[in-house]
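The chain contents come next:
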Amino acid sequence: MMMRIKIFWDQNAPGGLETAVEKRIRSILGIPLEVVESCILLSGYNRERDQYDAQKILSRIQLFKRQRGKTEPILLVVPHDLSIRGQDFVFGLARESVGAAVVSTARLDNGYYGREREDSDLAGRIAKEGAHEIGHLFGLEHCPDVECVMFPPRTLGELDRKKLAFCTACGKKFRLREGVDSL
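Model, not experiment: these values are computed from the prediction.

Engineer: What am I meant to see in helix 2 (residues 54-68) here?
Structural biologist: Given 3.6 residues per turn, any residue in an α-helix points the same way as the ones three and four places further on. Taking 1.5 Å per residue, 15 residues should reach 21 Å; helix 2 reaches 21 Å between its end C-alpha atoms and fits that length. Residues Ala54, Ile57, Leu58, Ile61, Phe64 and Lys65 constitute the buried set of helix 2. Viewed along the axis of helix 2, the buried residues span an arc of 115°, placing them on a single side of the element. Opposite the buried face of helix 2, at more than 90 degrees from it, the exposed residues are Arg66 and Gln67. You can read the cap of helix 2 off the contacts: a side-chain oxygen lies 2.8 Å from the backbone nitrogen of Gln55, and it is on Asp53. Two residues or fewer after helix 2 comes Gly69, characterised by a positive phi angle close to 70°.

What follows is the structure, encoded as structure tokens:
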């Protein structure tokens with residue numbers, strides 16, 4: 001039986017995009033996904049930076065999975081800005097060893113940059129980052145191809161340049177790694 005990935009959507013994350021994001025990630029990965037409202041309590045808020053520590057959120061997901069006996073990979077979508085030690089921010093982060101990933105919508109939204117909000121842009125960006133982090137959960141590393149979903153963007157422009165797809169090499173690695181067949 002093919003593994004189903006759970007997308008936990010934080011109740012404060014932009015609403016109404018869940019289905020569009022799920023469909024886009026499924027088209028990239030070719031595996032089943034299920035979007036559910038998140039019941040994970042966040043930790044790791046840094047008041048001075050007004051950001052959450054992404055590592056601490058991953059630890060919280062790990063604890064949640066252990067307490068509930070969950071084995072499937074979880075991607076948590078949150079509205080809060082994320083950071084890790086040594087970086088001003090991250091769009092997302094994954095911990096392959098526990099099957100946990102988090103993506104922030106904060107810097108993916110045009111509004112963060114003083115531009116008009118566009119749901120299609122936001123859904124595409126969440127899907128790219130979500131697929132990127134899920135790729136890490138399946139053992140994929142960063143890719144030098146700037147259009148591949150596994151390319152590590154440092155700016156919104158770099159993220160927007162990525163396609164909603166793996167490059168040929170990363171797609172092959174993903175399918176070989178997990179025995180995934182396209183839907």
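Having put the structure on the table, let's press on.
Engineer: Where do I start with the side chain of Lys162 in this structure?
Structural biologist: Looking at where Lys162 falls in the secondary structure, it is placed in the loop between helix 4 (156-161) and helix 5 (168-178). Only 2.8 Å separates the side chain of Lys162 from the backbone oxygen of Val149, close enough to count as a polar contact. Beyond its immediate sequence surroundings of up to four residues, Lys162 is in contact with Lys128, Glu129, His132, Val146, Glu147, Cys148, Val149, Phe151 and Pro153.

Engineer: Could you clarify how one ought to interpret the pattern of salt bridges in this entry?
Structural biologist: If charged atoms from side chains of opposite charge come close, those side chains can pair. With the rule as written, the count across this model stands at 10 salt bridges. As a salt-bridge pair, Arg26 and Glu22 come within 2.9 Å of each other at their nearest N and O atoms. A residue pair is termed a helical-turn pair when its members lie 3 or 4 positions apart in one helix, as Arg26 and Glu22 do in helix 1 (residues 18-29) at four residues. On the accessibility criterion, Arg26 (29% relative accessible area) is partly exposed. Judged by its relative accessible area of 12%, Glu22 falls in the buried class. The closest approach of N and O atoms between Asp81 and Arg107, which form a salt bridge, is 2.8 Å. A residue pair is termed long-range when its members are at least 10 positions apart, and Asp81 in the loop between strand 5 (74-78) and strand 6 (82-84) and Arg107 in the loop between strand 9 (100-104) and helix 3 (119-137) qualify at 26 residues. The residues Asp81 and Arg107 share a single accessibility class, namely buried.

Engineer: In this structure, what is going on with the packing of helix 1 against helix 3? I would like to understand it.
Structural biologist: How two helices sit against one another is set out by the angle between their axes and by the gap between those axes. It is the contact of helix 1 with helix 3, at a shortest axis distance of 8 Å, that shows an interaxial angle of 45°. Here helix 1 lies oblique to helix 3, going by the angle between them. In the crossing of helix 1 with helix 3, the sense of the turn from one axis to the other is right-handed. Residues Ala20, Val21, Arg24, Ile25, Ile28 and Leu29 of helix 1 form the contact with helix 3, whose participating residues are Ser120, Ala123, Gly124, Ile126, Ala127, Gly130, Ala131 and Ile134. A per-class count over the contact of helix 1 with helix 3 returns 10 nonpolar, three polar and one charged.

Engineer: So what exactly am I meant to see when it comes to the packing of aromatic side chains here?
Structural biologist: Remark: the centre distance and the inter-plane angle together describe each pair of aromatic rings, the angle taken between the planes. Under the definition given, this model contains six aromatic pairs. Seen from their ring centres, Tyr45 and Tyr52 are 5.1 Å apart, and the 55° between their planes marks the pair as tilted. Take Tyr45: its relative accessible area is 41%, and that puts it in the partly exposed class. Residue Tyr52 is classed as buried on the basis of its relative accessible area, which comes to 16%. For the ring pair Phe89 and Phe91, a centre distance of 5.2 Å and an interplane angle of 75° mean the geometry is edge-to-face. Ring-pair connections join several aromatic residues into one group, and the members of that group are Phe138, Phe166 and Phe174.

Engineer: I keep staring at the environment of Phe138 and nothing clicks. Help me out?
Structural biologist: As for its position among the elements, Phe138 is in the loop between helix 3 and helix 4. Residues Phe138 and Glu96, spaced 42 residues apart in sequence, show a C-alpha to C-alpha distance of 6.9 Å.

Engineer: Could you clarify how one ought to interpret the sheet that holds strand 9 in this entry?
Structural biologist: The strands that make up a sheet are held in pairs by hydrogen bonds between backbone atoms, and each pair lies either parallel or antiparallel. As summarised here, the arrangement of the five strands in space is 2-1-5-9-8, forming an open sheet in which the pairing is mixed. Looking at strand neighbours, the two that pair on one side only are strand 2 (33-37) and strand 8 (92-95), the edges of this open sheet. When the angles between neighbouring strand axes are averaged without regard to direction, this sheet yields 15°. Pairing geometry for strand 1 (residues 5-9) and strand 2, over five bridges, is parallel. The residue bridging Trp9 from the neighbouring strand is Glu37, located in strand 2. Here helix 1 sits on the sheet and contacts strand 1, strand 2 and strand 5; the angle it forms with strand 2, its principal contact strand, is near 155°.

Rules used throughout
- Residues numbered from 1 in each chain as written.
- Predicted model: local features only at pLDDT ≥ 70, side-chain atom pairs only at ≥ 80, totals over all residues.
- Heavy atoms only, no water.
- Helix = DSSP H or I, 4+ residues; strand = E, 2+ residues; numbered from the N terminus.
- Expected span 1.5 Å × (residues − 1).
- Buried < 20%, exposed > 50% of the residue type's maximum accessible area, 1.4 Å probe, protein only.
- Arc of directions from axis to C-beta.
- Polar contact = N/O pair within 3.5 Å; in protein donor to acceptor, adjacent residues only side chain to side chain.
- Contact = heavy atoms within 4.5 Å.
- Salt bridge = Lys/Arg side-chain N within 4 Å of Asp/Glu carboxyl O.
- Axes fitted to C-alpha atoms, helices over the stretch in contact; angles between N-to-C directions.
- Parallel < 35°, antiparallel > 145°, perpendicular 65-115°, else oblique.
- Left-handed = near helix turned anticlockwise from the far one by under 90°.
- Nonpolar A, V, L, I, M, F, W, Y, C, P; charged D, E, K, R; others polar.
- Phe/Tyr/Trp six-rings, centres within 6.5 Å; stacked < 30°, edge-to-face > 60°.
- Pairing = 2+ DSSP bridges.

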